[in-house]
Amino acid sequence: MTTPTVARNAGLPTQDELVRIVEQVLEEARRMGATSAEAAVNVGTGLSVQVRRGEVETLEHERDRALGVGVYFGHRQGTASSSDFSADSVRETVAAACSIARYTSEDPAHGLADPDHLARDIPDLDLDHPWALTVDEAIERALTCEAAALDTDARISNSEGAGVSTSRSLRVYGTSHGFLGSTVGTQHGMNCVVIAGEGADMQRDYWYTVAREAGALETPEAVGRRAAERAVRRLGSRQAHTGRMPVLYVPEAARGLIGHFLGAVRGSNLYRHASFLLDHLGEQVFPAHVTMTEYPHLPRALGSAPFDNEGVATAERVLVDGGVLRGYVLDSYSARKLGLTTTGNAGGVHNLTVAPGVLDFDGLLRDMGRGLVVTELMGQGANPVTGDYSRGAAGFLVENGQLADPVAEITVAGNLRDMFRNLRAVGTDMDTRGSVRTGSLLLDDVVVAGQ
Amino acid sequence: MDQTLSIATERLLTPAGLNEASLEDVFTRLMGPSIDAADLYFQASRHETWVLEDGLIKQGSHSIDQGVGVRAVSGEKTGFAYSDEIMLPALMEATGAARAIARSGGSGRIQAWQRGSGLNLYRSDNPLDAMADADKVDLLRRVDAEARRQDRRVEQVMVSLSGLQDIVLVADNEGRLSADVRPLVRLNVSVLAEQNGRRENGSAGGGGRHGYTFFFDEERALGYAREAVRLALVNLEAVAAPAGTMQVVLGPGWPGILLHEAVGHGLEGDFNRKGTSAFSGRMGERVASEYCTVVDDGTVPGRRGSLNVDDEGVATECTVLIENGRLAGYMQDRMNARLMGMQPTGNGRRESFAHLPMPRMTNTYMLAGPHDPAEIIRSVDQGIYAVNFGGGQVDITSGRFVFSASEAYLIENGRVTRPVKGATLIGNGPEVLKQVSMVGHDLELDSGIGVCGKEGQSVPVGVGQPTLKVDALTVGGTEA
């Protein structure tokens, strides 16, 4: 089919245009009597195509923009946002924020980041790699990816399709106390979802690849094949028997466990006493072999950032050392609430990395001998206050150190505090597709519910 | 309806100098011989949130979003582009991008505009303007005080209030012009209670397509505060939940999330057209016990999931999904209905102008059955009585679904005894309702808190059900 190339992808406003909007906000806030103010402007463009069963399903051109404003009258805060960048809208948005600040409370923790912590030298992290991908090329790649999945195994019976996307975003953040910084970055991806089997035993699975530069993506064929293999191996899933056993989380599932840990050491949960790791700084939370480090300046990494959402400089730091909790995840507000200083995590962690152990995935299976591999988790069953954990799961039984029958419709449960202490090993199979980077995690003594 | 159309026209088209003639020009450019359908979705929304934490009005925020989405459909193909500028040049540019899905050539013209008529389920007043900011903040403080005065063990209280006005106008290639002006309010209370070093949370809330005065009627807001405290205190006493497959009694109202996950998603038209749902090709088959009749009903006045017209301009309906245990209907948007040779059911929904519409639920609930709720409890020797839930999730292909209890009790010898810690329940959609052996006469809808996510798009929904007994469901506790 003929698909005219569309010039929309070209159109990000320039950095100078966004800087002018930020300056306009700050000036307007000052004029309206704000003690201090901050503004963030985000713009993005993107193209995504989805194909299904050899035909184009959707073709989407994305163009997003957002302006966020924060004003302070002493320690009273007001915020407002808009997608309209016109001068009138900028004035109205600032006015809305100022109006709100009349009704919020005096809260000493509110305010801009402390000037001492602001980023001064902004390193180039090599995050911007635009992909000159035409619509036709995107479609071609998606078709190749899906065809590879359908050709992998005769038991692949249906497809939810394959998608290819590329996007580029630009952010400018400025404050009335002199910070002005911008970041620009790209993200490209490809995914495939297919179905194996028919009738009462249909199993769906996926694979995806994502990177800052197109050259770092897995090939369309590799993504398609992997999706198909994952779907086929789930055929014939049944429930496991209820009992306690070692459980190996593959990296995609392990990331969620690390996410629960990060939630428990996040400032907003700590100052509200809504964390099962309250007052655990300096304490043994994991076994001595576990180390977690944040690497915000890794070139081309998905979670890299030279400064956080408040302009605070990011830096490499150890969060867990020898299993001992060495820090929290704080922004300026939560840090002040706790009487601490910000850790540069307004907006989240940056390439939080669980140091790999010595065994690869197969080595971990042999080490486990008998138990369960979890490849998929369902639902939200983790309580951040108590650490009580109970989630739906699917995966494989492990017998004699090898993958055995697929299982589904089971739950894995425990208390996260105990589960963290029972972390026997971290695999070398690190998944770098996100802000949390971890290999497989092998946990002892998890309760599995099934038949 | 005439009023909503004039409000929407005035807000969305007039400022940009757009009128029916310019929309006709857009469709002339958008349509071609291989385009089956096309629509423009104009939207402007205003949203605010107020948060109280630690006794302080910590945060207030206000946002304005507007834009237009342009869609062209050719067979199973969809071209889509959007712009956050509602202006003719941006609209024409988006149109060019969207129609790239189909071969060029030919032309189509709008013959005459027909103004669609929708339902009248809520008022068109803007909730944000109908109450002074000082009164909103005062409401938060009163809710905080009510929670704190319930019990000395209450350590933290967080209250949030949010309001939205969403104005939408849909124009399509057949000349249909529809509009909706949708209010939505929500209040949530979350408390943390502490006893001998043990901390537990409890949260409660509600809302709907109303103004903020909804929260004053019947002291609703204060009721949420008392309910949140009650839940936290119950959880302070909770013991470990059992693990394994057992009888489960689900309370009325919000536990209807079972239906949303177990059968709702699997009966959305898109999955069934593609044959990827565990319910595909099973229309008319028995998928539930004879006590089960499940509907999706977008027409309940003032409900969070209700709509006068859906996001394709189709008036919402009460669609029977399961009738006396047999699969009876799908939820459809226009595209999937056309491709399956069916009628749209008013279930075409989208998160915003920047997202494509697809079949989505509105308010999904099970009708009342013949049993007395007390009799249902008495019939269980050993099992779980689950009355409050957090979220859920489903894999529509295998039919497996989960939902997580946040308030549950043991049933021992026909009596509700000790509270147990939250646990995830897991089952299989096409099988679980066959296990429903008793259905209470106490149908309730939830309090107005549901958010449904599908393919990255969130929309507000409602659920409901009477008390019901499932003979075998896997409970993910820790007492193996």
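Given the structure is predicted, the values throughout are model-derived calculations rather than measurements.

(A) Representation of the overall build of chain A within the structure. The helix and strand tally for chain A stands at nine helices and 17 strands. Taken over C-alpha atoms, the radius of gyration comes to 24 Å for chain A, in line with the 22 Å a tight globule of 451 residues would show. Overall, the C-alpha framework of chain A stretches about 70 × 60 × 35 Å when taken along its three principal axes. Put simply, chain A has 451 residues, and 60% of those count as buried. Here chain A displays about 17,000 Å² of accessible surface, and carbon together with sulfur accounts for 47% of that area. Here chain A contributes 41 positive and 58 negative side-chain charges, whose respective centroids are spaced 3 Å apart.

(B) Quick look at the interface of chain B and chain A. In this complex, chain B contributes 75 residues to the contact, which on the side of chain A involves 76 residues. Between chain B and chain A the total buried area reaches about 6,200 Å² when both faces are included, carbon and sulfur atoms providing 50% of it. Contact with chain A buries area across many residues of chain B, yet Tyr 82, Asp 84 and Arg 400 of chain B alone supply 11% of it, more than any other trio. Put simply, chain B and chain A have nine salt bridges between them. Salt-bridge contacts for Arg 63 of chain A lead to Glu 85 of chain B; the nearest nitrogen and oxygen are separated by 3.8 Å. Linking chain B with chain A are 31 residue pairs in polar contact (both at pLDDT 80 or more). The biggest single contributor to the side of chain B that touches chain A is strand β2 (residues 56-74) of chain B, with eleven residues. When its residues are assigned to classes, the side of chain B that touches chain A shows 27 nonpolar, 29 polar and 19 charged.

(C) Spotlight on the packing of helix α1 (residues 15-31) of chain A against helix α2 (residues 87-101) of chain A. All names here are of chain A. Axis separation between α1 and α2 bottoms out at 10 Å; the angle between their running directions is 45°. Judged by the inter-axis angle, α1 sits oblique to α2. For the element pair α1 and α2, the recorded crossing hand is right-handed. Contact residues: α1 offers Ile 21, Gln 24, Val 25, Glu 28 and Ala 29, while α2 offers Ala 87, Val 90, Arg 91 and Val 94. Its residues assigned to classes, the contact of α1 with α2 comprises six nonpolar, one polar and two charged.

(D) Fine view of the pattern of salt bridges. According to the stated counting rule, one finds 64 salt bridges over all chains in the structure shown. With a closest N to O distance of 2.9 Å, Asp 133 of chain B and Lys 136 of chain B form a salt bridge. With a gap of three residues between them, Asp 133 of chain B and Lys 136 of chain B both fall in helix α4 (residues 133-148), about one helical turn apart. Classification of Asp 133 of chain B by relative accessible area gives buried; the value is 18%. Its relative accessible area of 0% is what places Lys 136 of chain B among the buried residues. One salt-bridge network, in which partners are shared between bridges, spans Asp 205, Arg 230, Arg 234, Glu 252, Arg 255, Glu 376, Asp 431 and Arg 433 of chain A.

(E) Looking closely at the domain arrangement of chain A. Residues and elements named next belong to chain A. What the domain assignment lists for chain A is domain 1 (15-232) and domain 2 (243-449). A straight line from the C-alpha centre of domain 1 to that of domain 2 covers 24 Å. Opposite the 32 residues of domain 1 that make contact, domain 2 presents 25 residues. Our count for the contact surface shared by domain 1 and domain 2 stands at five salt bridges. Here Glu 213 and Arg 300 are joined by a salt bridge, their closest N and O atoms 3.4 Å apart. Applying the counting criterion to the domain 1 and domain 2 interface returns 13 residue pairs in polar contact (both at pLDDT 80 or more). Looking at the side of domain 1 that touches domain 2, the elements with two or more residues in it are β4 (156-175), β5 (180-196) and β6 (203-211). In terms of residue count, the dominant contributor to the side of domain 1 that touches domain 2 is β6 (five residues).

(F) View of the packing of aromatic side chains. Following the criterion strictly, the structure yields 16 aromatic pairs over all chains and no others. With a centroid separation of 6.1 Å and 70° between ring planes, the pair formed by Tyr 82 of chain B and Phe 353 of chain B is classed as edge-to-face. Residue Tyr 82 of chain B is found in strand β3 (residues 77-83), and its partner Phe 353 of chain B is found in the loop between β12 (348-349) and β13 (358-359); the two are separated by 271 residues along the sequence. Neither Tyr 82 of chain B nor Phe 353 of chain B differs from the other in exposure class; each is buried. Arranged with centres 5.8 Å apart and planes meeting at 40°, the rings of Phe 401 of chain B and Phe 403 of chain B form a pair that is tilted. Each member of the pair Phe 401 of chain B and Phe 403 of chain B is classed as buried. Three or more aromatic residues joined by ring pairs make a cluster, and in this case those are Phe 261, Phe 276, Phe 286 and Phe 420 of chain A. Over the ring of Phe 85 of chain A we find Arg 65 of chain A, and its NZ or CZ is 4.9 Å from the ring centre. The positively charged end of Arg 433 of chain A is found above the aromatic ring belonging to Trp 207 of chain A, 4.4 Å away from the centroid.

Conventions used here
- Residues numbered from 1 in each chain as written.
- Chains lettered and ligands numbered in written order.
- Predicted model: local features only at pLDDT ≥ 70, side-chain atom pairs only at ≥ 80, totals over all residues.
- Heavy atoms only, no water.
- Helix = DSSP H or I, 4+ residues; strand = E, 2+ residues; numbered from the N terminus.
- Rg over C-alpha atoms; globule rule 2.2 N^0.38 Å.
- Buried < 20%, exposed > 50% of the residue type's maximum accessible area, 1.4 Å probe, protein only.
- Areas by Shrake-Rupley, 256 points an atom, 1.4 Å probe, with all protein chains shown as cover.
- Lys, Arg positive; Asp, Glu negative; His and termini not counted.
- Charge placed at Lys NZ, Arg CZ, Asp CG, Glu CD.
- Contact = heavy atoms within 4.5 Å.
- Buried area = accessible area lost by both parts, 1.4 Å probe.
- Salt bridge = Lys/Arg side-chain N within 4 Å of Asp/Glu carboxyl O.
- Polar contact = N/O pair within 3.5 Å; in protein donor to acceptor, adjacent residues only side chain to side chain.
- Nonpolar A, V, L, I, M, F, W, Y, C, P; charged D, E, K, R; others polar.
- Axes fitted to C-alpha atoms, helices over the stretch in contact; angles between N-to-C directions.
- Parallel < 35°, antiparallel > 145°, perpendicular 65-115°, else oblique.
- Left-handed = near helix turned anticlockwise from the far one by under 90°.
- Domains from an automatic or database assignment.
- Phe/Tyr/Trp six-rings, centres within 6.5 Å; stacked < 30°, edge-to-face > 60°.
- Lys NZ or Arg CZ within 6 Å of the ring centre and 35° of its normal.

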